[in-house]
Amino acid sequence: MRLSTVILPIHRWSEGQKIWRRAENLGFHAAYTYDHLSWRSFREEPWFGSVPTLTAAATATERIRLGTLVTSPNFRHPVTLAKELVSLDDISGGRVTVGIGAGGIGFDATAMGQEAWSAKERADRFGEFLPLLDRLLTQDATTESGTYYSAVEARNIPGCTQRPRVPFYVAAAGPRGMRLAAEFGQGWVTYGDPKGPAEVPVEQAPAVIAQQIEKLTAACEATGRDVATLEKVLLQGSTAEKPLASLDAFVDWAGTYRELGVTELVIHWPVPDSIFANDFEVFERIATEGLAQLS
């Protein structure tokens, strides 16, 4: 099992670079950031772009993997996103992982003047977006005409540093998303019950993940893929569970999900006076000691 963190893009870089370096020094497998234009309770607070932040983080670190968790079609287009990812992968020396999903109905959904898409349209768009992004990242030139997304002789030379492309970690809970994860993903991401994760009782939260992994397994079997070849990533923070309350709480939480087959846990870097206001000393102990206590 691996342990990673999410660093919100809320810091001016004079301070933010210290956090990304600290994440590397603490030994996290990866440091991700959210790819939003603004987000929930942080909407009236500083919030910077994910790709510039990750680019700066790539130059400030040497070993830690970097990525989005997650990017989506809400305000992205495959052609421009592919170009940015090829560039970021090169700058980072092949350390990029792309967490990617269908998007939701938050602020990003309407910031560019469009009406928020229905769940069906989000799924339809993602069903075009992800395969086209895959082709753009694995071909020198791509032409594709779709209902929502097209490319005309779009060039991506020299391509990704990682071959055949940067890894996709596909966030999915429904059957169509699971199929896309099975077909295109190197990993699968979940945060719990998409219908209302914060409302799921603590004792029921693991069962939700277990059921999702069963559905992922079925999707993999339908495509002839071994589910064991997919990383299974659990993003902490959207359930009533409190794994960052203490080292013991984290060990119990991590052990539960390791038994279910989760291979990577992602915890939020503490942010004072927010929903992520956890004790930093406890957080550091979790980062440096937590997984070792599972053995």
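Residues numbered from 1 in each chain as written. Predicted model: local features only at pLDDT ≥ 70, side-chain atom pairs only at ≥ 80, totals over all residues. Heavy atoms only, no water.

> Please provide a residue-by-residue account of the packing of aromatic side chains, values included.
Under the counting rule described, the total for this entry stands at 14 aromatic pairs. With 5.8 Å between their ring centres and 25 degrees between their planes, phenylalanine 280 and phenylalanine 283 make a pair best called stacked. With phenylalanine 280 and phenylalanine 283 both in helix H8 (residues 280-289) and three residues apart, this pair spans about one turn of that helix. Given the relative accessible area of 30%, phenylalanine 280 is considered partly exposed. (Phe/Tyr/Trp six-rings, centres within 6.5 Å; stacked < 30°, edge-to-face > 60°. Helix = DSSP H or I, 4+ residues; strand = E, 2+ residues; numbered from the N terminus. Buried < 20%, exposed > 50% of the residue type's maximum accessible area, 1.4 Å probe, protein only.)

> Mind laying out the pattern of salt bridges, listing which residues take part and the relevant values?
When the charged atoms of two side chains lie near each other, side chains of opposite charge can form a pair. Tallied over the entire structure, the rule returns 13 salt bridges. Here glutamate 231 and arginine 2 are joined by a salt bridge, their closest N and O atoms 3.9 Å apart. Separated by 229 residues along the polypeptide, glutamate 231 in strand S9 (residues 231-235) and arginine 2 in strand S1 (residues 2-6) bring together distant segments of the chain. Among the ionic pairs, arginine 76 bridges to aspartate 35, the shortest N-O distance being 2.8 Å. (Salt bridge = Lys/Arg side-chain N within 4 Å of Asp/Glu carboxyl O.)

> Describe the side chain of arginine 76, and please don't skip the residues or the numbers.
When you line up the elements, arginine 76 lands in the loop between strand S3 (65-71) and helix H3 (78-91). Residue arginine 76 is classed as buried on the basis of its relative accessible area, which comes to 16%. A polar atom in the side chain of arginine 76 sits 3.5 Å from the side chain of serine 50. In this structure, arginine 76 is in contact with Asp35, Ser50, Val51, Thr71, Leu81, Glu84, Phe129 and Tyr149, ignoring residues within four places of it in sequence. (Polar contact = N/O pair within 3.5 Å; in protein donor to acceptor, adjacent residues only side chain to side chain. Contact = heavy atoms within 4.5 Å.)

> Which residues make up unusual backbone geometry, and what are the values?
Going from isoleucine 157 to proline 158, the amide bond is cis rather than trans, its omega being 20 degrees. Secondary-structure assignment places proline 158 in the loop between strand S6 (151-155) and strand S7 (168-171). Going from arginine 163 to proline 164, the amide bond is cis rather than trans, its omega being 5 degrees. Relative to the assigned elements, proline 164 resides in the loop between S6 and S7. With phi around 45 degrees, arginine 40 is a residue other than glycine that occupies positive phi space. By the element assignment, arginine 40 lies in the loop between strand S2 (30-33) and helix H2 (50-60). If you check the backbone angles, aspartate 273 has positive phi at about 55 degrees while not being a glycine. Tracing the chain through its elements places aspartate 273 in the loop between strand S10 (264-268) and H8. Take aspartate 273: its relative accessible area is 81%, and that puts it in the exposed class.

> Could you give an account of the sheet that holds strand S8 (residues 187-190), with specific residues and numbers?
Here eight strands make up a closed barrel; going around it, the order is S1-S2-S3-S4-S7-S8-S9-S10 and the pairing parallel. Across the sheet, the mean angle separating the axes of adjacent strands is 25 degrees when strand polarity is ignored. Here four bridges tie S2 to S3, and the two strands are oriented parallel to one another. Paired with tyrosine 32 across the bridge in S3 is glycine 67. (Pairing = 2+ DSSP bridges. Axes fitted to C-alpha atoms, helices over the stretch in contact; angles between N-to-C directions.)

> I'd love a proper account of the environment of arginine 155, names of residues and values included.
Inspection of the secondary structure puts arginine 155 in strand S6. Using a relative accessible area of 44% as the deciding quantity, one classes arginine 155 as partly exposed. In the structure, arginine 155 is positioned 16 residues away from glutamine 139 in sequence and 8.0 Å away in space, judged by C-alpha atoms. Of note is the side chain of arginine 155, whose polar atom sits 2.6 Å from the side chain of glutamate 153.

From the geometry alone we can't say anything about function, so treat these as descriptive.
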